[in-house]
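This is what each chain is made of:
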Protein chains: 2
Amino acid sequence: MQDKTTQATKQPARNSRSQAISADLIAVVIAVTNGEPRVLTIGEAGALPSGPFELGHRSLQSGLRAWVERQTSHPLGYIEQLYTFADRDRIGDERVERVISISYLGLTREEQSERSPAHGWRGWYDYFPWEDHRAGVPFVLREILVPRLSAWADEAEGSSLRRDRRQRVAHAFGLDDRDWNEELVLQRYELLYEAALVAEATRGSDNGSPLSVPGRSMIADHRRILATGIARLRTKIKYRPVVFELMPPAFTLLQLQRTVEALAGRLVHKQNFRRLIEQQDLVEETGETVSETRGPPAKRFRFRQTVQAERTVAGTKLPLSRA
Amino acid sequence: MQDKTTQATKQPARNSRSQAISADLIAVVIAVTNGEPRVLTIGEAGALPSGPFELGHRSLQSGLRAWVERQTSHPLGYIEQLYTFADRDRIGDERVERVISISYLGLTREEQSERSPAHGWRGWYDYFPWEDHRAGVPFVLREILVPRLSAWADEAEGSSLRRDRRQRVAHAFGLDDRDWNEELVLQRYELLYEAALVAEATRGSDNGSPLSVPGRSMIADHRRILATGIARLRTKIKYRPVVFELMPPAFTLLQLQRTVEALAGRLVHKQNFRRLIEQQDLVEETGETVSETRGPPAKRFRFRQTVQAERTVAGTKLPLSRA
DNA sequence: TCGATTATACTCAATACGAGCATAATGAGG
DNA sequence: CCTCATTATGCTCGTATTGAGTATAATCGA
């Protein structure tokens, strides 16, 4: 990855009116391996693949692909844009450089490629341990985060602010007999940030984290971008057949279900899952059966060709409601 | 608006490796007046408000607000990001400038501000006459576009390409007893572009439009961005209470319904509409009644404060299915 | 051979949704 | 003043859709 400082010093000085803008491309690349969602990282698992958008790039997408392949030697398949943001970035003295970050979500399968220390796959729940509800409410969430969030809400000045905080926390984390909504990944991360319960929030300030906070952090706002990607994916699997981008060419319905559950961070009713998948004609039998596990042999399925063609337009339903 | 050419010549020449990037902010600002959806335009209704992102701007959003207010003196309320894209833009000789366009969707109400020739509100169906199905399938669509699209599909070389085109047309425009899906605004525009049935497609080339094509066009890709905005809005009203951004402080349920219908471009069942709105606790009665039209006086409603607070997180349902 | 695990078929109640009927209130036009 | 088109509003009803459970059979590991 090119160093920002180097780039900037290459350029001639400019007056304050002229545009000194550069654009960074950042990738959230997801795969699901053995029922665990994983994200492609670089730099000791503390950063997402990224690099500047250059004149040589044909498009934003191809620039992103080039950077990811250069940094991780992993080719990308399906990608979609996530979000664009611009934060003030000071470089040295008075020079102010404007950086626009354009983030993308990519879906692939983790190949048996050579592991290098410079990059690798990391379970996404390492970064968001409170997001995995497949085995019930996680310990960190119930025993550590909820009490601290409540304390944070209560310590607010003014009763209306207190009420506001309590309501936001209850909504985002499914408190007070509200339901857990797995799509609110970003809102939860932002609340934790506001309450200084993630490492990124206290970084750089003097009052460094007085309490140990859960979840591995990342450089800059990469973990926030990852949260955005997870949220988007959890939303999207409910109405578009994108799960199949993460599956091998042939798979059993249980494998498909485990993948969905890994992404959503919650379990689904098996019989209803199968009913929905089959009635939508998304998959077809390959004819083979496999018995990798105990129990009767399972039929193998593949994603239907015709649906794949109209991938961007076809719908999907999963036994996960969207409220 | 600053002129791109001027900007570029101000800058020193650069070698091909260095970054010569500027970012444009483009706004799709929507209001609904008298049951007609309208878009804020500049330059003889042929362009969307836009301008370069500058160092002085605090954020992308505030930069966008500044440009829209400078160009149209209309203040913006709710805005959300639409999409970011980068196309190669040649300026003069060999110099290549990279322009990144970041588009936003804004929702307001059309105020009784002074009309100036430089800007104004335009009905969005002026640009997309085939999108308004409130009075049935539009004439232009049934009599002009569908035949031409069919012809375009049939003239393709190779049977698989022909089949592909026919299928895409049928899906996007609801042919062959398929249902019309009002969300596919962008797909439809892109198909029309591909089939050279919109003015933008033949622009610049020698074979200028041999046939008159329907719908007012816009500069550059502004009409494509407008299509993106309409598509997003039509999708979003179904699961988030954004319609209320377009409503006056108090309104009748019929006015609310007419607004939804204007946006969706199709009529909804009145009784079911009311049932959904009322059972969701989105609105509350103001206590007043009005009888502007014939029929019994209608109760006036307002959007509920509490819901407004959690606007970004609350859900909505409308009698418009999302498939 | 037993028991845990899985595939797969069915049932059932609750609800959501689309579509229509019915009735009442009102203003416009004669 | 009367009629009628128009609107507000309440109610019904059949049909999907959805969540949750029961039942049964196939298979592997111990």
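Just so it is clear, the structure is predicted and the values come from calculations on it, not from any experiment.

The rules behind the values
- Residues numbered from 1 in each chain as written.
- Chains lettered and ligands numbered in written order.
- Predicted model: local features only at pLDDT ≥ 70, side-chain atom pairs only at ≥ 80, totals over all residues.
- Heavy atoms only, no water.
- Helix = DSSP H or I, 4+ residues; strand = E, 2+ residues; numbered from the N terminus.
- Buried < 20%, exposed > 50% of the residue type's maximum accessible area, 1.4 Å probe, protein only.
- Contact = heavy atoms within 4.5 Å.
- Areas by Shrake-Rupley, 256 points an atom, 1.4 Å probe, with all protein chains shown as cover.
- Pairing = 2+ DSSP bridges.
- Phe/Tyr/Trp six-rings, centres within 6.5 Å; stacked < 30°, edge-to-face > 60°.
- Lys NZ or Arg CZ within 6 Å of the ring centre and 35° of its normal.
- Near = heavy atom within 4 Å.
- Polar contact = N/O pair within 3.5 Å; in protein donor to acceptor, adjacent residues only side chain to side chain.
- Salt bridge = Lys/Arg side-chain N within 4 Å of Asp/Glu carboxyl O.
- Axes fitted to C-alpha atoms, helices over the stretch in contact; angles between N-to-C directions.
- Parallel < 35°, antiparallel > 145°, perpendicular 65-115°, else oblique.
- Left-handed = near helix turned anticlockwise from the far one by under 90°.
- Nonpolar A, V, L, I, M, F, W, Y, C, P; charged D, E, K, R; others polar.
- Expected span 1.5 Å × (residues − 1).
- Core = buried A, V, L, I, M, F, W, Y, C linked by side-chain atoms within 4.5 Å.
- pLDDT = per-residue confidence, 0-100.

## Some words on the overall build of chain A
Here is step 1 of the chain: The number of helices and strands found in chain A is 10 helices and 8 strands.
Here is step 2 of the chain: Taking all 323 residues of chain A together, 50% fall into the buried category.
Here is step 3 of the chain: Long-range pairs, those at least 24 residues apart, make up 63% of the contacts in chain A with a sequence separation of at least 6.
Here is step 4 of the chain: About 15500 Å² of surface is accessible on chain A, with carbon and sulfur atoms providing 47% of the total.

## Quick word on the pairing of strand E6 (residues 119-123) of chain B
Residues and elements named next belong to chain B.
Here is step 1 of the chain: Counting buried residues in E6 gives 4 out of 5 residues, a clear majority hidden from the surface.
Here is step 2 of the chain: The pairing of strand E2 (residues 36-42) with E6 spans 5 bridges and is antiparallel. The residue of E6 that forms the bridge with Thr 41 is Gly 120.

## Brief notes about the packing of aromatic side chains
Residues and elements named next belong to chain A.
Here is step 1 of the chain: Summed over all chains, the structure comprises 14 aromatic pairs over all chains.
Here is step 2 of the chain: Taken together, the ring pairs in this structure connect Phe 128, Trp 130, Tyr 189 and Tyr 193 into an aromatic cluster.
Here is step 3 of the chain: Cation over ring: Arg 70 sits above Trp 67, and NZ or CZ is 4.4 Å from the ring centre.
Here is step 4 of the chain: Over the ring of Trp 180 we find Arg 188, and its NZ or CZ is 3.8 Å from the ring centre.

## Topic: the protein's contact with DNA strand C
Here is step 1 of the chain: Neighbouring residues of DNA strand C: 22 residues in total, closest A:Lys270, A:Arg274, A:Pro296, B:His269 and B:Gln271.
Here is step 2 of the chain: Here the atoms of DNA strand C within 4 Å of the protein split so that 53% fall in sugar or phosphate, with bases taking the remainder.
Here is step 3 of the chain: Between DNA strand C and A:Arg274, the relevant distance is 2.8 Å, taken from a phosphate oxygen to a side-chain nitrogen or oxygen of the residue.
Here is step 4 of the chain: Between B:Gln271 and DNA strand C, the recorded distance is 2.5 Å, taken from a side-chain N or O atom to a base nitrogen.

## A look at unusual backbone geometry
All names here are of chain A.
Here is step 1 of the chain: Backbone geometry places Asp 281, a non-glycine residue, at a positive phi of 60 degrees.
Here is step 2 of the chain: As for its placement among the helices and strands, Asp 281 is situated in the loop between helix H9 (270-279) and strand E7 (283-290).
Here is step 3 of the chain: On the accessibility criterion, Asp 281 (47% relative accessible area) is partly exposed.

## Some points on the sheet that holds strand E8 (residues 283-290) of chain B
All names here are of chain B.
Here is step 1 of the chain: Judged by pairing direction, the sheet is antiparallel, and its 3 strands sit side by side in the order E7-E9-E8 without closing on themselves. In the strand order of this sheet, the two ends are held by strand E7 (251-252) and E8, each with one partner.
Here is step 2 of the chain: Sheet topology note: the E7/strand E9 (residues 298-303) ladder contains 2 bridges and is antiparallel. The partner of Phe 251 across the bridge, within E9, is Phe 301.

## As for the protein's contact with DNA strand D
Here is step 1 of the chain: Around DNA strand D there are 23 residues in total, and A:Gln271, A:Pro297, B:Lys270, B:Arg274 and B:Pro296 lie nearest to it.
Here is step 2 of the chain: Counting only the atoms of DNA strand D that lie within 4 Å of the protein, the sugar and phosphate share comes to 53%.
Here is step 3 of the chain: Between DNA strand D and the protein, one listed contact pairs a phosphate oxygen with a side-chain N or O atom of B:Arg274 at 2.7 Å.
Here is step 4 of the chain: Breaking the surface near DNA strand D down by element, the ones donating at least two residues are H9 of chain A together with helix H9 (270-279) and E9 of chain B.

## Details of the pattern of salt bridges
Two side chains with opposite charge may pair up if their charged atoms get near one another.
All names here are of chain B.
Here is step 1 of the chain: Applying the stated rule across the entire model yields 42 salt bridges over all chains.
Here is step 2 of the chain: Where Arg 234 meets Glu 131, a salt bridge forms, and the shortest distance between an N and an O atom there is 2.9 Å. In this pair, Arg 234 is assigned in helix H7 (residues 222-236) and Glu 131 in the loop between E6 and helix H3 (139-154), connecting sequence segments 103 residues apart. In this structure, Arg 234 and Glu 131 share a single accessibility class: buried.

## Considerations on the environment of B:Gly136
Residues and elements named next belong to chain B.
Here is step 1 of the chain: Within the secondary structure layout, Gly 136 lies in the loop between E6 and H3.
Here is step 2 of the chain: A relative accessible area of 33% means that Gly 136 is categorised as partly exposed.
Here is step 3 of the chain: Gly 136 sits 130 residues away from Arg 266 along the chain, and the two C-alpha atoms are 8.1 Å apart.

## Quick notes on the side chain of A:Thr252
All names here are of chain A.
Here is step 1 of the chain: On the secondary structure map, Thr 252 appears in the loop between helix H7 (222-236) and helix H8 (253-264).
Here is step 2 of the chain: Since its relative accessible area comes to 7%, Thr 252 is described here as buried.
Here is step 3 of the chain: When near neighbours in sequence (up to four residues on either side) are disregarded, Thr 252 contacts Val 290, Ala 298 and Lys 299.

## With respect to the packing of H3(B) against helix H4 (residues 159-173) of chain B
Residue and element names in this part refer to chain B.
Here is step 1 of the chain: Contact geometry of H3 with H4 gives a least axis separation of 8 Å together with a crossing angle of 160 degrees. Here H3 is positioned roughly antiparallel relative to H4, judged by the angle of their axes. Handedness of the crossing formed by H3 with H4: right-handed. On the side of H3, the interface is formed by Leu 141, Leu 149, Trp 152, Ala 153 and Asp 154, while H4 contributes Arg 162, Arg 165, Arg 166, Arg 168, Val 169 and Phe 173.
Here is step 2 of the chain: Residue composition of the contact of H3 with H4, by class: 6 nonpolar, no polar and 5 charged.

## With respect to the packing of H8(A) against H9(A)
Between two packed helices, both the angle of their axes relative to each other and the distance between the axes serve to describe the pair.
All names here are of chain A.
Here is step 1 of the chain: One way to put it is that H8 packs onto H9 with a least axis distance of 11 Å and a crossing angle of 105 degrees. Between H8 and H9, the interaxial angle falls into the category roughly perpendicular. Contact residues: H8 offers Leu 253, Leu 254, Leu 256, Gln 257 and Val 260, while H9 offers Lys 270, Phe 273, Arg 274, Ile 277 and Glu 278.
Here is step 2 of the chain: Broken down by class, the residue content of the contact of H8 with H9 amounts to 6 nonpolar, 1 polar and 3 charged.

## A look at the side chain of B:Arg134
Residue and element names in this part refer to chain B.
Here is step 1 of the chain: By secondary structure assignment, the location of Arg 134 is in the loop between E6 and H3.
Here is step 2 of the chain: With relative accessibility at 18%, the residue Arg 134 sits in the buried group.
Here is step 3 of the chain: Among the polar contacts listed, one links the side chain of Arg 134 to the backbone oxygen of Gly 35, at a separation of 2.9 Å.
Here is step 4 of the chain: For Arg 134, the side chain forms a polar contact with the side chain of Glu 36, separated by 2.9 Å.
Here is step 5 of the chain: With sequence-adjacent residues up to four places away left out, Arg 134 is seen in contact with Gly 35, Glu 36, Tyr 125, Glu 261, Ala 262, Gly 265, Arg 266 and Leu 267.

## Topic: helix H8 (residues 253-264) of chain B
Every α-helix winds through 3.6 residues per turn, so residues three or four apart in the chain are directed the same way.
Residues and elements named next belong to chain B.
Here is step 1 of the chain: Spanning 12 residues, H8 covers 16 Å between terminal C-alpha atoms, matching the ideal 16 Å at 1.5 Å per step.
Here is step 2 of the chain: When you tally the buried positions in H8, you get 9 out of 12 residues, the bulk of the element.
Here is step 3 of the chain: Buried within H8 we find Leu 253, Leu 256, Gln 257, Thr 259, Val 260, Glu 261, Ala 262, Leu 263 and Ala 264.
Here is step 4 of the chain: Buried residues belonging to H8 abut strand E1 (21-33), E2, H7, E7, H9 and E9.
Here is step 5 of the chain: Looking at the residues trailing H8, positive phi occurs at Gly 265, about 75 degrees.

## Overview of the nonpolar core
Generally speaking, a soluble globular protein has its nonpolar side chains buried in company with each other.
Here is step 1 of the chain: Formed by 65 residues in total, the largest nonpolar core has its most connected members in B:Ile30, B:Phe173, B:Leu226, B:Leu233 and B:Ile237.
Here is step 2 of the chain: Discounting residues that sit within four places of it in the chain, B:Phe173 has contacts with B:Trp130, B:Leu141, B:Leu149, B:Trp180, B:Arg188, B:Leu191 and B:Leu192.
Here is step 3 of the chain: In terms of nonpolar packing, the next biggest core, distinct from the first, is built from 64 residues, A:Leu107, A:Trp180, A:Ala231 and A:Leu263 among them.

## Let's talk about the confidence of the model for chain A
Here is step 1 of the chain: Residues at a pLDDT of 70 or more form 82% of chain A, whose mean pLDDT is 85.
Here is step 2 of the chain: This stretch, residues 1-18 of chain A, has a pLDDT under 50; its non-local contacts, to residues over four places away or in other chains, come to 32 contacts.

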